Amino acid sequence: MARPFNVDVVSPEGTLWSGDAEFVVARTTEGEIGILAGHEPLMAALSAGPVLIDHDGDQRTTIAVHGGFMQVVENRVTLLTDRARITAGDRAEAAAEALRLSEGDPLDFEG
């Protein structure tokens, strides 16, 4: 099992998701990136799309984000986004949700 690290997904409405994760995948403006514990420090601009958070051994939380920034420092990942929503589906459904967010659909904050 991978070593856990802290992840926070934050929007202007508050913290959308916070906890320990084993793996995070996000789409940046430079391409998709995977984060494990011990990752080198990083600051990246997020593209609209899904963020996948693997946690608690076999759980996956998928979050559609409109964009924003990701910071990785000292085993802590912080995603700052102007609009985000936890999605019930897979990566494709989260990508579609992120597209709806970019088109300005109203949000139902889930926190």
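Residue indices begin from 1 for each chain and proceed along its sequence in written order. Reporting in this predicted model follows two pLDDT cut-offs: at least 70 for local features of residues, and 80 or more for side-chain atom pairs to be given and counted; totals over whole chains, interfaces and linings ignore these cut-offs and use all residues. Processing note: side-chain calculations cover all non-hydrogen atoms of the structure and skip hydrogens and water entirely.

Enquirer: Talk me through unusual backbone geometry; I want residue IDs and the actual numbers.
Expert: Within the chain, D56 stands out as a residue other than glycine whose phi angle is a positive 50°. Accessibility expressed as a relative area gives 56% for D56, which makes it exposed. Burial status follows relative accessibility: with a 1.4 Å probe on protein chains alone, a residue under 20% of its type maximum counts as buried, one over 50% as exposed, and anything between as partly exposed.

Enquirer: Residue-level account of the environment of M70, with values.
Expert: What counts as a helix is a DSSP run of H or I of at least four residues, what counts as a strand is a run of E of at least two, and both are numbered from the N terminus. Among the structural elements, M70 can be located in strand β8 (residues 68–73). Between the C-alpha atom of M70 and that of D8, which follows or precedes it by 62 residues, the distance is 9.9 Å. Only heavy atoms matter for contacts: two residues are in contact if any of them lie within 4.5 Å across the pair. In this structure M70 touches A26, T28, I33, I35, L42, M43, A44, L46, V77, T78 and L79, once residues within four positions along its chain are discounted.

Enquirer: Help me get a handle on the nonpolar core, residues and values and all.
Expert: A general trend in soluble globular proteins is that nonpolar side chains are found buried together. To qualify as a nonpolar core, a set must consist of buried Ala, Val, Leu, Ile, Met, Phe, Trp, Tyr and Cys residues joined through side-chain atoms within 4.5 Å. Ranked by size, the top nonpolar core spans 20 residues in total, and within it V7 and I53 carry the most contacts. Every element with two or more residues in this core is listed here: β1 (5–11), β2 (14–21), β3 (23–28), β6 (49–55), β7 (59–65), β8 and β9 (76–80). Among all residues touching V7, those that are not within four sequence positions of it are W17, S18, G19, A21, V24, I53, V77 and L79.

Enquirer: Kindly report on the pairing of strand β4 (residues 31–35), identifying the contributing residues and their values.
Expert: With five bridges joining them, β3 and β4 adopt antiparallel strand pairing. Looking at β4, one finds that A26 is bridged to I33. In this structure, the hairpin formed by β3 and β4 is closed by a connection of two residues. Strands pair, by our definition, only if DSSP identifies at least two bridges between them.

Enquirer: Requested: an account of the side chain of D54, with residues and values cited.
Expert: In this fold, D54 is placed in strand β6. Here the side chain of D54 touches R60 through a polar contact of 2.7 Å, side chain to side chain. For D54, the contacting residues outside a window of four places in its chain are A21, E22, F23, Q59 and R60. Counting of polar contacts relies on pairs of N or O atoms within 3.5 Å, with two restrictions inside protein: one atom must be capable of donating a hydrogen and the other of accepting it, and residues adjacent in sequence are counted only when both atoms are side-chain atoms.

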